Amino acid sequence: MDDEATVGERIAYFRRRRGYSQAVLSGLLGRSEEWLSQIERGARDLDKLSTILRVAEALKLEPTKLLPGPFHSTPRLGANGATLGTAPEVVPAIETAMLRYDGIASLIGVPDRGPVNTDELRRSISFAFVCSQTEQWSRMAPLVPEMITDSYHAVRQADSDASKREAKTLEALVYRVTSGMLDRLGETRLPWVAAERSMAAAEQTGDPLLIAGGMEISRCSAPRWTSSRIH
């Protein structure tokens, strides 16, 4: 098993070393054997850190042993030719945007900008979620600073309760997908900051599903995991 091994391949490798069958491990996890088989052969993605932690616990491993490296100096190519697992050079720009458009931005003279096209922002968010599912960080990361900027100004420009809820929904989604990407790129502090902002925005929408999603990513990005180098 090398550094390029997927989460599923790592699970299969350590399961065999532990001497567990798929039936045994899936039973320990409370999952079906078919679910585990799909994970191991790559037919299903395992991208929830909470589930990875449960698998690691069942296999009596440090969770980091199941995670690929945060990024690689040599780009990896997916089936469609897209570069996977790269984009650390964009992180400073993302951090700058996050710090610029925080809760006190309006108090320190952040200039206004033209009207935000929320339809375009929503399309960018949808594309970012697709990229996050396939680890196309090099395609997603350059979009993130602008999405953060647009989501901030969309909230400021909202002129009704309905448009404010829509803008807060978009803001919650922007920070949710950003937190996930930063976590997989190996950042230690920024995923939690983004997760907290996602949760704060979600709570203002009153949408139970959005709030639940924010709670999940906030829990997965908690600082106690950061100190264990799980990211």
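Draft legend 1. Layout of the confidence of the model for the protein. Mean pLDDT over the protein stands at 79; residues scoring 70 or higher make up 75%. Taken together, the stretch residues 70-76 has pLDDT below 50 and engages in 20 contacts with residues farther than four places along the chain or on a different chain. Considering only residues more than four positions removed or in separate chains, one finds that residues 224-231, a stretch of pLDDT under 50, has 25 contacts.

Draft legend 2. Region of the structure containing the packing of helix H6 (residues 118-133) against helix H9 (residues 161-184). Two elements in contact, H6 and H9, have axes separated by 10 Å at closest approach and are oriented at 25°. Relative to H9, the element H6 is oriented roughly parallel. At the point where H6 passes H9, the crossing takes the left-handed sense. On H9, the residues that touch Thr 118, Leu 121, Arg 122, Ile 125, Ala 128, Phe 129 and Ser 132 of H6 are Glu 166, Leu 170, Leu 173, Val 174, Arg 176 and Val 177. Its residues assigned to classes, the contact of H6 with H9 comprises eight nonpolar, two polar and three charged.

Draft legend 3. Inspection of unusual backbone geometry at higher detail. Although it is not a glycine, Lys 60 adopts a positive phi angle of roughly 60°. With a relative accessible area of 57%, Lys 60 lands in the exposed category.

Draft legend 4. Quick peek at the nonpolar core. Within the largest apolar cluster, 30 residues are counted, with the highest numbers of intra-cluster contacts made by Ile 94, Met 98, Met 140, Met 147, Ile 148 and Met 181. Mapped onto this core, the elements with two or more residues apiece are helix H5 (91-100), H6, helix H7 (137-140), helix H8 (144-157), H9 and helix H10 (190-203). With eight residues, the top contributor of residues to this core is H9. Excluding anything up to four places from it in sequence, Met 147 contacts Leu 121, Ser 124, Ile 125, Ala 128, Val 174 and Val 177. Counting residues in each nonpolar core, the second largest holds 19 residues, with Trp 35, Ile 39, Val 55 and Ala 56 among its members.

Draft legend 5. Summary view of helix H1 (residues 7-18). Between the first and last C-alpha of H1 there are 16 Å, a value that for twelve residues agrees with the 16 Å anticipated at 1.5 Å per step. Every buried residue of H1 is accounted for by Val 7, Gly 8, Arg 10, Ile 11, Ala 12, Phe 14 and Arg 15. Two residues or fewer after H1 comes Gly 19, characterised by a positive phi angle close to 85°.

Draft legend 6. Inspection of the packing of H5 against H8 at higher detail. Contact pair H5 / H8: the axes reach a minimum separation of 8 Å and the direction vectors enclose 10°. Classified by the angle between their axes, H5 and H8 sit roughly parallel to one another. Contacts between H5 and H8 involve Ala 93, Ile 94, Ala 97 and Met 98 from the former and Val 144, Pro 145 and Ile 148 from the latter. Of the residues contributing to the contact of H5 with H8, the split by class is seven nonpolar, no polar and no charged.

Parameters and conventions
Residues numbered from 1 in each chain as written. Predicted model: local features only at pLDDT ≥ 70, side-chain atom pairs only at ≥ 80, totals over all residues. Heavy atoms only, no water. pLDDT = per-residue confidence, 0-100. Contact = heavy atoms within 4.5 Å. Axes fitted to C-alpha atoms, helices over the stretch in contact; angles between N-to-C directions. Helix = DSSP H or I, 4+ residues; strand = E, 2+ residues; numbered from the N terminus. Parallel < 35°, antiparallel > 145°, perpendicular 65-115°, else oblique. Left-handed = near helix turned anticlockwise from the far one by under 90°. Nonpolar A, V, L, I, M, F, W, Y, C, P; charged D, E, K, R; others polar. Buried < 20%, exposed > 50% of the residue type's maximum accessible area, 1.4 Å probe, protein only. Core = buried A, V, L, I, M, F, W, Y, C linked by side-chain atoms within 4.5 Å. Expected span 1.5 Å × (residues − 1).

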